[in-house]
Amino acid sequence: MISALHFVLTIGPRIDRARSLLVVAVAILEQATGIGLAVLLGLFSEVASRHSTSGVVTLALCVAIFVMLTQGTFIAGYFTRLRLQEEIQNEVERQFIDVVGTTPTLEIHERSSRSDKAAVVRGARVDIGPAFDRLMWLAGAALALIASAVLMASVVPILAVLPLFAVPAVLATQAADKKRGQAVQRATPRTRLAGHLFTLATTAAPGRETRLFGLASELRRRHRDAWNSGGQDIARTDRRARVPVALAWLFFVLAYATAIVLMVRAGLAGDASLGLVVAAVAVSSQITGQVQNLLSMTFWTLESLRATRAFLDVVEDCDVERAAVVQATTVTVPARLDGGIKVEGLSFQYWNRDQPSLNDINLELPAGAVVALVGENGAGKSTFVKMLSGLYRPSAGRILVDGTDLAQFAPEDWRTRITAAFQDPVHIEMSLKDTIGLGWLEHRDDPERIHEALRTAGGDKLLASLPEGLETRLGRKSWDGKGLSGGQWQTVANARAAMRQAPLLRILDEPTASLDARAEERLFQRYADLSRLEGGVTILVTHRFTTARAADLIVVLDGGRVVEVGTHDTLSEADGLYAELFRLQARYFV
Ligand SMILES: Nc1ncnc2c1ncn2[C@@H]1O[C@H](COP(=O)(O)OP(=O)(O)OP(=O)(O)O)[C@@H](O)[C@H]1O
């Protein structure tokens, strides 16, 4: 918690010193209003008892100015507080993008022990923005309580200890909040599922199937079940926490009632001046409100600190991953591939699986070759290409790039030398120019390069159909842009993958799934020509054997193992799995 506290205390001033100072001032002034008025009331009674008209008028003026000042500051400070909260929120979100978006591997998204933490941050990040403000208001509430105690202690000294009676209530709230946090963490897999169901039921992409199959009520039922199973644990934790909080509160109320009796007795006995007694009694009337305020600010501040802690945890985990994956001294990625990529004894097992998805893969992928990766669903094709991209760490074995272990390159250096297009590509809603240009950031403003990439991907027809050419805004989720068909989005993604010139590795993981056979054939041919011309390795994952047959090398995966390697002719002759699958498909074309 110390690191979270340090983060919260420093982030406000770091982002905006002037606004942070104003927030501190407003938090203290707002809390001091009640005490200031109580003191003025005491002085008022003192002056009134001396029948001083001028004194009464002066004090009335002071009260008016004081109220104007405190309320004015509060109103003026309101927007400053909101603005600072937004600035902190934005900064934290950007830091989150920086760490999560740049982790060397996909573990943060796919390994549940880590993805759950990231999910907590995504859900609770709205509590980090107000963290600085809440902490200052908590400090203000504590100061107000102490000031009240000092005032009461000047009438009955023992009352200086009254705030201590609020400590059990604060501790009980803190303990309740901690237990709640643990329950929320335990419930994350179920709340994640509920979030997924909510997205399924309410967003555009799944809308077609959810309507066709009439799934709304089924999704609603599952959403309720997911929430209930997670929520019951949280509700049980909250119920259990209520008893100690209520007992601690009762303890304080009893102490408070005793304090009032003591002050009234001191006043009647003439142990303190009338003004002091009036001020102390006035302030004592606020003390329950102050303690309640202190408790609720404690709760909200702890919520903020918990969200901050989760955020810092994710940052820390990402740092640990980076330190484990990125070598202290990295090797420069070669400018071009001479020999090729060699895979030695490569195995990989997903974290939540008890069987490896890739098992002892040994392969040689020569520079300039077009390699088709085929195999039935679940054979391990996508896992293999993700390993080549460095998105997973091998459980065993290694990948050698011209003799150098891939693990010795800085992951981001390796990725600037490879390119990829996937089935179900992400729909990046920007202008056509930008969404393609992202494939090679250094050349994103080069229209010639973008036109060339579009031509490679067979996107000339798409370009001609767009009213504003490369400047056409795409997508309808972020703005009222041009809606594209699945195949057109795929073409855009393929063009993005064609941006980078002379990559060492070009991965095409079923990028033609939404294209017709002729378009796939043409696209494959263009990529193959490029690969042979530029000298990298091109890997094409495909289920269409008519496309695979034209590759220089065909690798057949089955159950995470390489079962056959060769050309179409040698594999047909061998009459193994490839030949069988090929015959099966060919039957439909003859
Ligand atoms: N993120 C993941 N977490 C756990 N297991 C996974 C994950 N991704 C894939 N798998 C498992 O690894 C195995 C290989 O999957 P992979 O996606 O690599 O197969 P594939 O050959 O590309 O299949 P397809 O042709 O259907 O795309 C499968 O058993 C799959 O269930």
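It should be emphasised that the depicted structure is a prediction, and the values quoted were computed from it without experimental measurement.

Caption draft 1: Just the environment of Thr329, in detail. Residue position: Thr329 is located in the loop between α11 (274–325) and β1 (340–348). You can call Thr329 exposed: it has 5 C-beta atoms within 10 Å.

Caption draft 2: Up close: the packing of helix α7 (residues 167–186) against α11. The geometry of α7 relative to α11 is characterised by a closest axis approach of 10 Å and an angle of 30° between their N-to-C directions. By the criterion of interaxial angle, the relationship of α7 to α11 is roughly parallel. You can see that α7 and α11 cross each other, and the crossing is right-handed. Here Ala169, Val170, Thr173, Gln174, Asp177 and Gly181 of α7 come into contact with α11, specifically with Val291, Leu294, Leu295, Thr298, Phe299, Leu302, Glu303 and Arg306. Looking at the contact of α7 with α11 residue by residue, the classes come out as seven nonpolar, four polar and three charged.

Caption draft 3: Geometry of the sheet that holds β1. Pairing is antiparallel across the open sheet formed by four strands, whose spatial order is β2-β1-β4-β5. Only two strands of the sheet have a single neighbouring strand rather than two, namely β2 (358–366) and β5 (404–405). One ladder, built from five bridges, connects β1 with strand β4 (residues 396–401); its direction is antiparallel. Its bridge partner lying in β4, Ile341 is registered against Val401. The sheet contacts of helix α12 (residues 381–388) involve β1, β2 and β4, and relative to β2 the element is tilted by about 60°.

About the cut-offs
- Residues numbered from 1 in each chain as written.
- Predicted model: local features only at pLDDT ≥ 70, side-chain atom pairs only at ≥ 80, totals over all residues.
- Helix = DSSP H or I, 4+ residues; strand = E, 2+ residues; numbered from the N terminus.
- Buried ≥ 20, exposed ≤ 12 C-beta atoms within 10 Å, placed from the backbone.
- Axes fitted to C-alpha atoms, helices over the stretch in contact; angles between N-to-C directions.
- Parallel < 35°, antiparallel > 145°, perpendicular 65-115°, else oblique.
- Left-handed = near helix turned anticlockwise from the far one by under 90°.
- Contact = placed C-beta atoms within 7 Å.
- Nonpolar A, V, L, I, M, F, W, Y, C, P; charged D, E, K, R; others polar.
- Pairing = 2+ DSSP bridges.

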